[in-house]
Amino acid sequence: MLAPPEKNPPLWLHFMGIYFDQTLLLLYLRVTLFQFSESLRKLSSRKDPQPPTESAGTATTTVGSSPMIQEQWRQRFRDLRLAFALFSNQYGFPLLSNQQQGIEMYTLAREHMDVRELFEQVRQSIHDSHEYLQGEAEFEQAVDSTKLTQIATIGLPLSIAAGVFGMNMFNDKNLGDVCTGLMYFVVLSVVLLVPSLV
């Protein structure tokens, strides 16, 4: 059986209905942000900050900066960044209630619990780390592009010279002219290679 509605419901019912849930949500947000901050700190401490050392004329790096470990570190950071983006989308809403009093109380509680400031700090740290990773990836691409350009600089004149003379200059009929043909091939390759190096 249903009881008739009360004219003045007890204060604890009102508190349990709105403010307790808001406080629990804010505590959850705060604890989760601290967990993100701690995860980012642990990830940053695993990254090897030491520069390469010179040894016997060649640059050597420590074990912590091997390509496989670097890629594992990047993947862990990508996972952390994805988790933070999902967290931001799910729990980053500014309005929680359709009642003005609930909105004002939530805003005050959020301000006094420093949830917004903590969120911004964690977001900025993750953004800075992402910018570092982007710069590092662009640098690696530039190094790979430079290597590819150097290889193409040598290979292109050789392929042009082979195209001009053809690959049939080394057959049995032209065996006597092999030295002459080889000399022309080398001279043409050098002539084409010198301008491409400059």
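Up top is the structure.
Cut-offs and rules
Residues numbered from 1 in each chain as written. Predicted model: local features only at pLDDT ≥ 70, side-chain atom pairs only at ≥ 80, totals over all residues. Heavy atoms only, no water. Helix = DSSP H or I, 4+ residues; strand = E, 2+ residues; numbered from the N terminus. Contact = heavy atoms within 4.5 Å. Salt bridge = Lys/Arg side-chain N within 4 Å of Asp/Glu carboxyl O. Buried < 20%, exposed > 50% of the residue type's maximum accessible area, 1.4 Å probe, protein only. Patch = residues over 30% accessible without salt bridge, like charges linked within 9 Å, V, L, I, M, F, W, Y side chains within 5 Å. Areas by Shrake-Rupley, 256 points an atom, 1.4 Å probe, with all protein chains shown as cover. Core = buried A, V, L, I, M, F, W, Y, C linked by side-chain atoms within 4.5 Å. Phe/Tyr/Trp six-rings, centres within 6.5 Å; stacked < 30°, edge-to-face > 60°. Expected span 1.5 Å × (residues − 1). Arc of directions from axis to C-beta.

## A look at the environment of Leu25
Right, so step 1: Looking at where Leu25 falls in the secondary structure, it is placed in helix 1 (residues 11-46).
Right, so step 2: Leu25 sits 81 residues away from Tyr106 along the chain, and the two C-alpha atoms are 9.9 Å apart.
Right, so step 3: When sequence neighbours within four positions are dropped, the list of residues in contact with Leu25 reads Tyr91, Phe93, Leu96 and Tyr106.

## Considering the pattern of salt bridges
Right, so step 1: The final tally for this structure, using the stated rule, is six salt bridges.
Right, so step 2: Here Arg41 and Glu38 are joined by a salt bridge, their closest N and O atoms 2.6 Å apart. Residue Arg41 and its partner Glu38 are both found in helix 1; the two are separated by three residues, about one turn of the helix.
Right, so step 3: Among the residues examined, Glu38 registers a relative accessible area of 34% and is labelled partly exposed.
Right, so step 4: Between Arg123 and Glu120 there is a salt bridge, and its shortest N-O distance comes to 2.6 Å. Placement of the pair is Arg123 and Glu120 together in helix 4 (residues 115-165), with a separation of three residues, close to one helical turn.

## Examining a nonpolar patch on the surface
Right, so step 1: Side chains of Met16, Phe20, Leu24 and Leu27 sit close together on the surface and give an oily, nonpolar patch of about 340 Å² of accessible area.
Right, so step 2: Checked against the element boundaries, Phe20 lands in helix 1.

## Description of the environment of Met113
Right, so step 1: Mapped onto the elements of the fold, Met113 is located in the loop between helix 3 (100-112) and helix 4.
Right, so step 2: Its relative accessible area of 19% is what places Met113 among the buried residues.
Right, so step 3: In this structure the C-alpha to C-alpha distance between Met113 and Leu26, which are 87 residues apart in sequence, comes to 7.7 Å.
Right, so step 4: Discounting residues that sit within four places of it in the chain, Met113 has contacts with Leu26, Leu27 and Arg30.

## Focus: the nonpolar core
Right, so step 1: Core analysis: the largest hydrophobic core is formed by 20 residues, its most contacted members being Leu29, Leu33, Phe84, Phe87 and Val122.
Right, so step 2: For this core, the elements supplying multiple residues, two or more each, are helix 1, helix 2 (67-91) and helix 4.
Right, so step 3: Here this core takes seven residues from helix 1, the largest share from any one element.
Right, so step 4: With residues up to four places along the chain from it excluded, the contact list for Phe84 reads Leu33, Phe36, Phe119, Val122, Arg123 and Ile126.

## A look at the packing of aromatic side chains
Right, so step 1: All chains considered together, the criterion is met by seven aromatic pairs.
Right, so step 2: Between Tyr28 and Tyr91, the aromatic rings sit 5.2 Å apart at their centres with planes inclined by 65°, giving edge-to-face as the arrangement. Of the two residues, Tyr28 sits in helix 1 while Tyr91 sits in helix 2, which places them 63 residues apart along the sequence.
Right, so step 3: Relative to Phe87, the ring of Phe36 lies with its centre 5.5 Å away and its plane at 50°, an arrangement referred to as tilted.

## As for helix 3
Right, so step 1: Here helix 3 spans 18 Å end to end across 13 residues, near enough to the 18 Å set by a 1.5 Å rise per residue.
Right, so step 2: For helix 3, the set of buried residues is Gly102, Ile103, Tyr106 and Arg110. Each buried residue of helix 3 sits inside an arc of 100° when the element is viewed along its axis, so together they form one side. Opposite the buried face of helix 3, by more than 90 degrees, sit the exposed residues Gln100 and His112.
Right, so step 3: Among the residues trailing helix 3, Asp114 stands out with phi positive, at a value near 55°.

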